[in-house]
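Spelled out from the first residue to the last, the chains are:
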Amino acid sequence: MRAMPPESPEAFRAPTGTHDLLPPDSDRWIEAVSVFARRAARYGYGLVVTPVFEHRDVFERVGESTDVVRKEMYEFLDKGGRAMALRPEGTAPVVRAYVQHRPTPPWKVWYVAPLFRYERPQKGRYRQHWQVGVEALGVDDPQVDVEVIALLAGYLRELGLERWRLLVNSMGDPTDRRSYVEVLREHLLAHAADLGPEFAERVAENPLRVLDSKNEAWQEVIERAPQLTEHLGAESRAHFESVQRGLDALGIEYELDPRLVRGFDYYTSTTFEFVSDALDAAQNAVGGGGRYDQLAEGMGGPSTPGIGFGVGLERLLIVAEAEGAVGRVAAGLDAFVVDALGVGRDALVLTQELREAGLRVDRAYGGRSVKAQLKLADRSGAAFGVILGADELSRDAVAVRDLRSSKQVEVPREQLAAWLQAQREFDR
Ligand code: HAM
């Protein structure tokens, strides 16, 4: 273990590849999560919350040949000597929870979770990132695939995002894949000598992993490689065609991309990815997912098909910024209480009353001058300043100043909450 010397300039900074999310940027984050939560509920998904760390074994099925498990996992032995890992992705923990609790299928859950991968950090690629996602277990009907994709397409639209493309592919079932992998291996090995040891190593490990490589030198061989969709068995083909018909029926545009190989070994059948040109080409996926019909069984559970996706929140917000979307965050204050009495008690009580009445209210502290408080009120972005002055109070009223127009009116104290509520409705 290597500790950071306390005098190091890095010691008290967020670790490389992580970042702090501060207001007001966090307004967009909470808006993106809330919109997702409401949407998931409309599609019949309930929230699932699993631990941030799991036994390392849980992630074995994600793929021992994948970068995420082999090279990027934050692994540690706990004080009892157990091999643990910070979750690098959200699907395996949800399936572990399904196998453990055996809820009655279909089991439809959504999550918002931080995930950890020891990656080379760059814009849109971090060592801790957040995902919102869904998993639907227990149904192999292709219409579920269509619904899951529709949920995500609608989410992006609801956030005001327009510049994205949907790529879909099928990974077939394990039998289809086994025979395809052999054909693919043969094709790739025929070129291994020219392409160096890294290429040969990848082919030996998992030829499918070569297909989604961005390595320029390999592209020609990859482009000429045989395609999995040409090697699908009858059942996989029928499923895949049915998914396409469903997307057509809902008017969701998509591109068939036989080279779409997602980064985990658990995928079977339908896979998909939403890509945005607002992101760098090397990591242009905003979200993606697919079927994992063997995963529950692989964890010792009953044979249970499953499908889901994850959306990277950081990437989503980069895209939103580029497109000028997710701006409709109405998180501003309704009122800012200005205490012109200099006593403090009335401001304390009034602020509390308004907040309990459901209004967003802030105030100044520490007996500042009225001028200083009004300045703070302006800076707070509140719609109204509520000024507690002796004159008005003697009439059981307060002065309310519209902070944009500076127009001021007197409002009876007991009507204040309702008055502010009405303004908020009016503003909408
Ligand atoms: P994934 O493609 O690894 O899939 O991640 C989903 C999304 O998370 C990506 O499209 C990307 O937006 C974001 N993401 C991934 N890694 C990073 C990173 N290092 N920094 C920033 N954002 C990142 C999964 O994790 C699967 N569990 C999805 C799934 C659910 N499949 C079936 N169900």
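Calculation rules
- Residues numbered from 1 in each chain as written.
- Predicted model: local features only at pLDDT ≥ 70, side-chain atom pairs only at ≥ 80, totals over all residues.
- Heavy atoms only, no water.
- Helix = DSSP H or I, 4+ residues; strand = E, 2+ residues; numbered from the N terminus.
- Buried < 20%, exposed > 50% of the residue type's maximum accessible area, 1.4 Å probe, protein only.
- Contact = heavy atoms within 4.5 Å.
- Areas by Shrake-Rupley, 256 points an atom, 1.4 Å probe, with all protein chains shown as cover.
- Near = heavy atom within 4 Å.
- Polar contact = N/O pair within 3.5 Å; in protein donor to acceptor, adjacent residues only side chain to side chain.
- Domains from an automatic or database assignment.
- Core = buried A, V, L, I, M, F, W, Y, C linked by side-chain atoms within 4.5 Å.
- Axes fitted to C-alpha atoms, helices over the stretch in contact; angles between N-to-C directions.
- Parallel < 35°, antiparallel > 145°, perpendicular 65-115°, else oblique.
- Left-handed = near helix turned anticlockwise from the far one by under 90°.
- Patch = residues over 30% accessible without salt bridge, like charges linked within 9 Å, V, L, I, M, F, W, Y side chains within 5 Å.
- Salt bridge = Lys/Arg side-chain N within 4 Å of Asp/Glu carboxyl O.
- Lys, Arg positive; Asp, Glu negative; His and termini not counted.
- Charge placed at Lys NZ, Arg CZ, Asp CG, Glu CD.
- Pairing = 2+ DSSP bridges.
- Phe/Tyr/Trp six-rings, centres within 6.5 Å; stacked < 30°, edge-to-face > 60°.
- Lys NZ or Arg CZ within 6 Å of the ring centre and 35° of its normal.
- Expected span 1.5 Å × (residues − 1).
- Nonpolar A, V, L, I, M, F, W, Y, C, P; charged D, E, K, R; others polar.

### Observations regarding the overall build of the protein chain
Each helix and strand counted, the protein chain has 14 helices and 16 strands in total. Across its three principal axes, the protein chain shows a C-alpha extent of roughly 90 × 60 × 45 Å. The proportion of buried residues among the 428 residues of the protein chain is 50%. Taking contacts inside the protein chain between residues at least 6 apart in sequence as the whole, the part at least 24 apart equals 69%. With an accessible surface of roughly 21800 Å², the protein chain has 50% of that area assigned to carbon and sulfur atoms.

### Looking at the site of the ligand
As a structural note, the neighbourhood of the ligand is formed by 28 residues, with Glu 89, Thr 91, Glu 119, Tyr 267 and Val 286 the closest of them. In the environment of the ligand, an oxygen atom lies 2.8 Å from a nitrogen or oxygen atom belonging to the backbone of Val 286. Bound to the protein, the ligand loses 96% of the 660 Å² it would expose on its own. Contributing elements (two or more residues each) for the shell around the ligand: β6 (128-137), β10 (285-291) and β11 (306-312).

### Considerations on the domain arrangement of the protein chain
Entries for the protein chain in the domain assignment read domain 1 (12-173 + 233-323) and domain 2 (335-427). Between domain 1 and domain 2, the C-alpha centre-to-centre distance is 45 Å.

### Some remarks on the nonpolar core
Counting residues in each nonpolar core, the largest one holds 46 residues, and the members touching the most others are Val 95, Trp 107, Phe 199, Leu 208 and Leu 211. Put simply, the parts of the chain that give this core at least two residues each are α2 (67-70), α3 (91-101), β5 (107-116), α5 (174-205), α6 (207-211), α7 (219-223) and α9 (295-298). Within the second largest apolar cluster, 44 residues are counted, among which are Ile 149, Val 243, Leu 279 and Ile 307.

### A word on the packing of helix α4 (residues 142-158) against helix α8 (residues 234-249)
Pairs of packed helices are described in terms of their axes, by the angle between the two and the distance that separates them. As a packed pair, α4 and α8 sit with axes 8 Å apart at the nearest point and diverge in direction by 45°. Comparing their axes, α8 and α4 come out oblique. Judged by the twist between their axes, the crossing of α4 over α8 is right-handed. On α8, the residues that touch Pro 142, Asp 145, Val 146 and Ile 149 of α4 are His 239, Ser 242, Val 243, Gly 246 and Leu 247.

### What about a negative patch on the surface?
A contiguous patch of negative charge, built from Asp 140, Asp 141, Glu 147 and Glu 235, is present on the exposed surface. The topology assignment puts Glu 147 in helix α4.

### Focus on a positive patch on the surface
Together, Arg 368, Lys 371, Lys 375 and Arg 379 line one region of the surface with positive charge. Assignment of secondary structure puts Lys 371 in helix α12 (residues 370-380).

### Brief notes about the sheet that holds β6
Reading across the sheet, the eight strands line up as β1-β5-β6-β11-β10-β9-β7-β8 and stay open at both edges, with mixed pairing between neighbours. The open sheet has two edge strands with one neighbour each: β1 (46-47) and β8 (255-256). Pairing between strand β7 (residues 164-170) and β8: two bridges, direction parallel. Following the sheet pairing, Leu 167 is matched in β8 by Glu 255.

### Let's talk about the packing of aromatic side chains
Within the structure shown, the criterion is met by 15 aromatic pairs. Pairwise contacts between aromatic rings join Phe 36, Trp 110, Tyr 155 and Phe 309 into one cluster. Lying across the ring of Tyr 118, Arg 127 places its NZ or CZ 3.8 Å from the centre.

### A word on α8
Quick reminder: α-helices carry 3.6 residues per turn. Residues three or four places apart thus point the same way. Given a rise of 1.5 Å per residue, 16 residues ought to cover 22 Å, and the 22 Å separating the end C-alpha atoms of α8 matches this to within 8%. Buried within α8 we find Ser 236, His 239, Phe 240, Ser 242, Val 243, Gln 244, Gly 246 and Leu 247. Once α8 ends, the next one or two residues include Gly 251, with phi positive near 70°.

### Regarding the pattern of salt bridges
In the structure shown here, the tally under the stated rule is 23 salt bridges. A salt bridge links Glu 158 to Arg 42; its shortest N-O distance comes to 3.3 Å. Pair noted here: Glu 158 is in helix α4 and Arg 42 is in helix α1 (residues 25-42), with a separation of 116 residues, a long-range link. Through salt bridges with shared partners, one network takes in Arg 39, Arg 42 and Glu 158.

### Overview of the packing of α1 against helix α10 (residues 313-323)
Relative orientation of the contacting elements α1 and α10 amounts to 110°, with a least axis distance of 11 Å. When the axes of α1 and α10 are compared, the pair comes out roughly perpendicular. Crossing hand, α1 versus α10: right-handed. Taken together, the residues of α10 that come into contact with α1 (itself represented by Arg 28, Trp 29, Ala 32 and Val 33) are Leu 313, Leu 316, Leu 317, Ala 320 and Glu 321. Here the residues of the contact of α1 with α10 are counted per class, giving seven nonpolar, no polar and two charged.

### Section: the pairing of β11
In terms of burial, β11 is largely enclosed, as seven of its seven residues are buried. Alternating positions in β11 separate into two faces, Gly 306, Gly 308, Gly 310 and Gly 312 on one and Ile 307, Phe 309 and Val 311 on the other, with burial throughout. Bridge count for β10 against β11 is five bridges, and the pairing is antiparallel. Note that in β11 the partner of Gly 290 across the bridge is Gly 308.

### Brief notes about the sheet that holds strand β15 (residues 397-402)
One open sheet holds the five strands; their spatial order is β13-β12-β14-β15-β16, and the pairing between them is mixed. At either margin of the open sheet sits one strand with a lone partner, and together these are β13 (361-363) and β16 (408-412). Within the sheet, the average angular offset between the axes of one strand and its neighbour, ignoring direction, is 30°. Note that strand β14 (residues 384-388) and β15 share four bridges and pair antiparallel. Across the sheet, Gly 385 pairs through a bridge with Arg 401, a residue of β15.

### Topic: the pairing of β7
Regular strands place their side chains on alternate faces of the sheet. Burial within β7 is extensive, with six of its seven residues counted as buried. Relative to strand β9 (residues 268-276), β7 runs antiparallel, the two being bridged by seven bridges. Residue pairing across strands places Ser 170 opposite Thr 270, the latter belonging to β9.

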